[in-house]
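Chain and residue survey
Here's the letter readout for the chains.
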Amino acid sequence: MSEVAKAGPKPSRRKLLVYAPLGVAAAAGLGFWAMLRGLQDGSFNPRGVPSALLGKPPPDFALPALESSGLPALASTDFRGMPGPVVVNFWASWCPPCIIEHPHLMALQRQGVPVWGVNYKDRARDAQAFLTRHGNPYARLGVDKPGRVAIDWGVYGVPETYILDRNGIIRWRFAGAITPELMAQDIQPLIRRLSAR
Amino acid sequence: MKIFLMPSDAGRAHRRAWLRRVFPSLGHKFRLAAPAALRPDLGGGFWLLALLLLLSAPAFAQIGDTTYRLRDPEQETRAREIGKELRCLVCQNQSIEDSDAPLARDLRRIVREQVELGASNELVIRFVHERYGDFVLLRPPFRWSTLLLWATPALALLGGIFAIWRSRRQANTTGIGPLELTEAERKRLAILQGDQKA
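Predicted model only: the values in this text are computed from it and were never measured.

Bringing the overall build of chain B into the picture now. Counting its regular elements, chain B contains nine helices and zero strands. Along chain B, from the amino end to the carboxyl end, the secondary structure elements read α-α-α-α-α-α-α-α-α. Considering only contacts in chain B between residues 6 or more positions apart, those separated by 24 or more positions represent 41%.

With that out of the way, let us pick up the overall build of chain A. If you tally the helices and strands in chain A, you get six helices and seven strands. When the elements of chain A are put in sequence order from the N terminus, they spell out α-α-β-β-β-α-β-α-β-α-β-β-α. Looking at chain A residue by residue over its 197 residues, the buried ones come to 32%. For chain A, long-range pairs separated by at least 24 residues make up 74% of all intrachain contacts whose partners lie at least 6 apart in sequence.

Residues and elements named next belong to chain A. As defined by bridge partners, strand β6 (residues 160-164) adjoins strand β7 (residues 170-175) across five bridges and the pair is classed as antiparallel. Counterpart to Tyr-162 in the pairing with β7 is Arg-173. Here β6 folds back onto β7 in antiparallel fashion, the turn holding five residues, of which Gly-168 has a positive phi close to 75°.

Before going further, it helps to spend a moment on the interface of chain B and chain A. Between chain B and chain A, the residue contacts involve ten residues of the former and eleven residues of the latter. Among the elements of the structure, α6 (102-116) and α7 (121-132) of chain B are those that each provide at least two residues to the side of chain B that touches chain A. The element contributing the most residues to the side of chain B that touches chain A is α7(B), with three residues. Tallied by class, residues from the side of chain B that touches chain A come to five nonpolar, two polar and three charged.

A word on the environment of His102(A). All names here are of chain A. Along the polypeptide, His-102 turns up in helix α3 (residues 96-111). Overall, the presence of 21 C-beta atoms within 10 Å leaves His-102 in the buried class. As for His-102 and Leu-131, which are separated by 29 residues in sequence, their C-alpha atoms are 10.0 Å apart.

Here we come to the sheet that holds strand β5 (residues 140-144) of chain A. All names here are of chain A. Strands sit in the order β5-β4-β3-β6-β7 across an open sheet of five strands; the sheet is mixed. Looking at which strands have only one partner, the edges of the open sheet turn out to be β5 and β7. Looking at each pair of strands side by side, their axes are set apart by 15° on average, direction ignored. Each of β6 and β7 is contacted by helix α6 (residues 180-196), which is oriented at about 165° to β7, the strand it contacts most.

Right, let's get into the pairing of strand β3 (residues 86-91) of chain A. All names here are of chain A. For β3, a buried count of six out of six residues is recorded, marking the element as mostly surrounded by other parts of the structure. Sheet analysis places β3 next to β6, joined by five bridges and oriented antiparallel. Across the sheet, Asn-89 pairs through a bridge with Thr-161, a residue of β6. For β3 and strand β4 (residues 115-120), the ladder comprises five bridges, and the chain directions are parallel. Paired with Phe-90 across the bridge in β4 is Val-118.

All names here are of chain B. With 66% of its residues at a pLDDT of 70 or more, chain B has an overall mean of 75. When mean pLDDT is taken per element in chain B, α7 scores highest with 93 and helix α1 (residues 2-5) scores lowest with 36. Counting interchain partners and residues more than four positions distant, the pLDDT-below-50 stretch residues 1-10 has seven contacts.

Residues and elements named next belong to chain B. Between its terminal C-alpha atoms α6 stretches 21 Å, which fits the 21 Å expected from 15 residues at 1.5 Å a residue. Among all positions in α6, only Leu-103, Ala-104, Leu-107, Arg-108, Val-111, Arg-112 and Val-115 are buried. Looking at the buried side of α6, the elements it contacts are α5 (73-85) and α7.

This brings us to the packing of α5(B) against α7(B). Residue and element names in this part refer to chain B. Contact geometry of α5 with α7 gives a least axis separation of 10 Å together with a crossing angle of 40°. Relative to α7, α5 is oriented oblique. Two packed elements cross with a definite hand, and for α5 against α7 that hand is right-handed. For the pair formed by α5 and α7, the contact residues are Arg-78, Glu-81, Ile-82 and Glu-85 on the first element and Asn-121, Val-124 and Ile-125 on the second. Partitioning the contact of α5 with α7 into residue classes produces three nonpolar, one polar and three charged.

What counts and how
- Residues numbered from 1 in each chain as written.
- Chains lettered and ligands numbered in written order.
- Predicted model: local features only at pLDDT ≥ 70, side-chain atom pairs only at ≥ 80, totals over all residues.
- Helix = DSSP H or I, 4+ residues; strand = E, 2+ residues; numbered from the N terminus.
- Contact = placed C-beta atoms within 7 Å.
- Buried ≥ 20, exposed ≤ 12 C-beta atoms within 10 Å, placed from the backbone.
- Pairing = 2+ DSSP bridges.
- Nonpolar A, V, L, I, M, F, W, Y, C, P; charged D, E, K, R; others polar.
- Axes fitted to C-alpha atoms, helices over the stretch in contact; angles between N-to-C directions.
- pLDDT = per-residue confidence, 0-100.
- Expected span 1.5 Å × (residues − 1).
- Parallel < 35°, antiparallel > 145°, perpendicular 65-115°, else oblique.
- Left-handed = near helix turned anticlockwise from the far one by under 90°.

Put into C-alpha cells, the structure is as follows:
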C-alpha cells in the first residue's frame, strides 16, 4: 500500500495540485467582484470608449446657431482665451437620457459654470421645444444637423459631455447621461480644480 | 428571394426538387414525387412565418446598404475593405460595414467620400483613428500596451512546449526506474515464488 502511494507525486506537489485550482478560482472571483463593483459605481464600463481627444484641443469647427433660441453659435475659436473651464454637452431632443441628465446641466449653469451645447441631428423646432419645456442650460449652442462635427469630436452617441480647461484643452469626457455620483465625484471636483488654477 | 436561396449549382431538376421541398403547397405544379402522407405536414402558418422571417429586417440587412455606394467598383471594394477594419462604436461587435446604426452609416459615407477623393486606406483609417482612438480599430495596433494581447498565442504555445518538455524529462529521470532487480527484490521474489510452489 505504501509503495503505491509513493508512486504518485510528492506530498508537497500534491498539495500544490489541490490548492492551485482553488487559488485560480479565488483570483477569478476577486476579479469578477472588482468588475461588478466597478460597474456599480461607474468606474468600469465594458462598453466605454476612451476619448482619443483627451489632452488635446477640440477639432476646428464652426456650427450655426439655433436661431429661435437667440443663443450665440459655437465654433472652435470660442475656446480661446476663456476665463475658466467650460462644459460641452452633445444632446438631442429625441434622446431620453438627455432629459434625465438635463437637471445636472441646469445646476452647473446656476453655479456659474459655462455650459456650451451642440444639438446633434435634431429638428430646430424639436430642439427649441425641448429648451422651452425643460429650461436652457446653454450659454452657447451650435447646431450639428449632419453630425459631422460630432464625429470630429469622437462622439458616438448622445448625450456626451466634455470638460475643457481655460486653455481649451479637453480634460474629461463621459459618454452617457450624467448621474448625481458623476457630478459629485468627477465633474464638480474637476471644475473646482480647473477653476482654481 | 428565391434566387438568393437557391443552390447555385442546381440544375433544372434540382431546382424543381428544391422548390417542392421549400414550397410543398406548390407541389402539384411540379408533379409530386412523394405521396402527401410522406411529406411533413407543417401547415400554412409555418410557411407564412418562414416568409415573414425572410422578409424581416435582418434578411435585408445582409444584402447591404445601398445608400452610398461608389460608382467605381474598384473604389467600392476598397471602401468596403476599409470599413471592415473599423469597429462600429454603437454595435460594438460589428464593423461599420455590417452595422445598421446611424453612426456606422455616417462613417461608411465618410470612408466613401475620402476614397472617392483618392485617399489611401491608411489615410482613411488614420482619419477615423484620430477621432475614436484605438477602440475603433478591429485589428489592434502593435505597441507596448497591446504587447500581451499580441504575444498571448506565442506565450501559450511556448508554455505548452515547456510543459511537455518538463513532463518528458521527468518521465526519463524518474520513469519506471532501473529494469534490473536489486538484490533485496530478487530475494523477495524468490521467497514469493517459493511460497507458490509450496
